[in-house]
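Commentary on secondary and tertiary structure
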Amino acid sequence: MQNPGKKLRIFPAFLCLWFVLPASGQLLNSIPQPAEPSFEGHPLSYWVNLLKAESRDEDQRPRRRAQAALVALGQPAVAPLLELFRDKNGGVRLWAIGTLGQIQPPTNETIKALTRALEDKDNRVQAVAVMFLRDVGRRGKEAVPELTRMVQTAKPWNNYRAAEALGSMGPGARAAVPALTAALGSDDQALVAHAAGALCLIEPNNPKPRGLIIAQVKKGKDAQARATAATVLGRLGEAGKP
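Residues numbered from 1 in each chain as written. Predicted model: local features only at pLDDT ≥ 70, side-chain atom pairs only at ≥ 80, totals over all residues. Heavy atoms only, no water.

1. A few points about helix H9 (residues 158-168)
Counting buried positions along H9 gives nine out of eleven residues, so the element sits mostly inside the fold. Those residues of H9 that are buried are in contact with helix H7 (123-136), helix H8 (144-153), helix H10 (177-183), helix H11 (189-202) and helix H13 (223-236). Positive backbone phi, at 60°, marks Gly170, one or two positions downstream of H9. (Buried < 20%, exposed > 50% of the residue type's maximum accessible area, 1.4 Å probe, protein only. Helix = DSSP H or I, 4+ residues; strand = E, 2+ residues; numbered from the N terminus. Contact = heavy atoms within 4.5 Å.)

2. Describing the packing of H11 against helix H12 (residues 207-219)
Running from amino to carboxyl end, H11 crosses H12 at an angle of 145°, the nearest separation of the two axes being 8 Å. For H11 against H12, the interelement crossing comes out left-handed. In this structure, H11 uses Gln189, Val192, Ala193, Ala196, Gly197, Leu199 and Cys200 to contact H12, whose residues at the interface are Pro209, Arg210, Leu212, Ile213 and Gln216. Taken together, the residues that form the contact of H11 with H12 break down as eight nonpolar, three polar and one charged. (Axes fitted to C-alpha atoms, helices over the stretch in contact; angles between N-to-C directions. Left-handed = near helix turned anticlockwise from the far one by under 90°. Nonpolar A, V, L, I, M, F, W, Y, C, P; charged D, E, K, R; others polar.)

3. Digging into unusual backbone geometry
Only a minority of non-glycine residues have a phi that is not negative, and only a minority of peptide bonds are not trans. Between Gln104 and Pro105 the backbone carries a cis peptide bond, its omega angle lying at -10°. The residue Pro105 is located in the loop between helix H5 (90-100) and helix H6 (108-117) in this model. Of note in the backbone geometry, Glu40 takes a positive phi value of approximately 50° without being a glycine. On the secondary structure map, Glu40 appears in the loop between strand E1 (38-39) and strand E2 (42-43). The exposed category is assigned to Glu40, whose relative accessible area is 53%. If you check the backbone angles, Trp157 has positive phi at about 85° while not being a glycine. Along the chain, the position of Trp157 falls in the loop between H8 and H9.

4. A look at the environment of Ala182
In this fold, Ala182 is placed in helix H10. A sequence separation of ten residues divides Ala182 from Val192, and the C-alpha atoms of the two residues are 9.2 Å apart.

5. Here we look at the packing of H7 against H9
A packed helix pair is summarised by two numbers, namely the angle formed by the two axes and the spacing between the axes. Where H7 contacts H9, the axes come no closer than 8 Å and their chain directions differ by 25°. Taken together, the axes of H7 and H9 are roughly parallel relative to one another. The two elements H7 and H9 cross, and the hand of that crossing is left-handed. On H9, the residues touching Asn123, Gln126, Ala127, Val130, Leu133 and Arg134 of H7 are Asn158, Arg161, Ala162, Glu164, Ala165 and Ser168. Tallied by class, residues from the contact of H7 with H9 come to five nonpolar, four polar and three charged. (Parallel < 35°, antiparallel > 145°, perpendicular 65-115°, else oblique.)

6. Digging into the pattern of salt bridges
Scanning the entire structure with this criterion turns up ten salt bridges. The salt bridge involving Asp122 is made with Arg124; its shortest N-O contact spans 2.8 Å. Asp122 sits in the buried class, given a relative accessible area of 15%. Owing to a relative accessible area of 45%, Arg124 belongs among the partly exposed residues under this scheme. Between Arg174 and Glu203 there is a salt bridge, and its shortest N-O distance comes to 3.9 Å. Of this pair, Arg174 sits in the loop between H9 and H10 while Glu203 sits in the loop between H11 and H12, and the two are 29 residues apart along the sequence. Linked by salt bridges that have partners in common, Arg134, Asp135, Glu164 and Arg235 make up one network. (Salt bridge = Lys/Arg side-chain N within 4 Å of Asp/Glu carboxyl O.)

This is the structure in structure tokens:
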């Protein structure tokens, strides 16, 4: 036979829970939540949505304004921009990666996104990613395999930028040396100059690429080739001196 007194002791306990649980929920709801970061009176989500919105005309001023706002907001904008970079729309991905690359200092997640962008089907996204990876320099070493592939297969300008990005990584991009050396035999004189410039920075004790650039400056087959070689040589600074 059950003890009636036991039931009486348990029942008040349930009553306490009945009243305490709703009260605890109200208490949690009353705790102030962190305010969403804002810029010029608008929250972060407003600027993210403005960057994502498709313009119906050629006026990109709203998107440029959103980009400036997100760069000013800094690190809190990184996570939503990484999410935008997964969008199916190439234009949205382009604006997302172009904004991410301007937020300093770049996070590890940003560098990984820039590396993934090298495989994007939109050439514009690839171009922007390469540009920012060049600025990241040695922290972008994980992008070396993709940048090497771009030197070998990408269209002009993207392959030049890829060579520049590899050079900015210094000796950490040593795995790209065979591809860059092969590029020295290209018929594209601009690619030859950019590949040689990268090799000067990756293998500073190798005099051959430096001599090749100097020879291009002096005896390039046309004015454009000489101008490109001179630009590359100027960017090398001390590394370009004999």
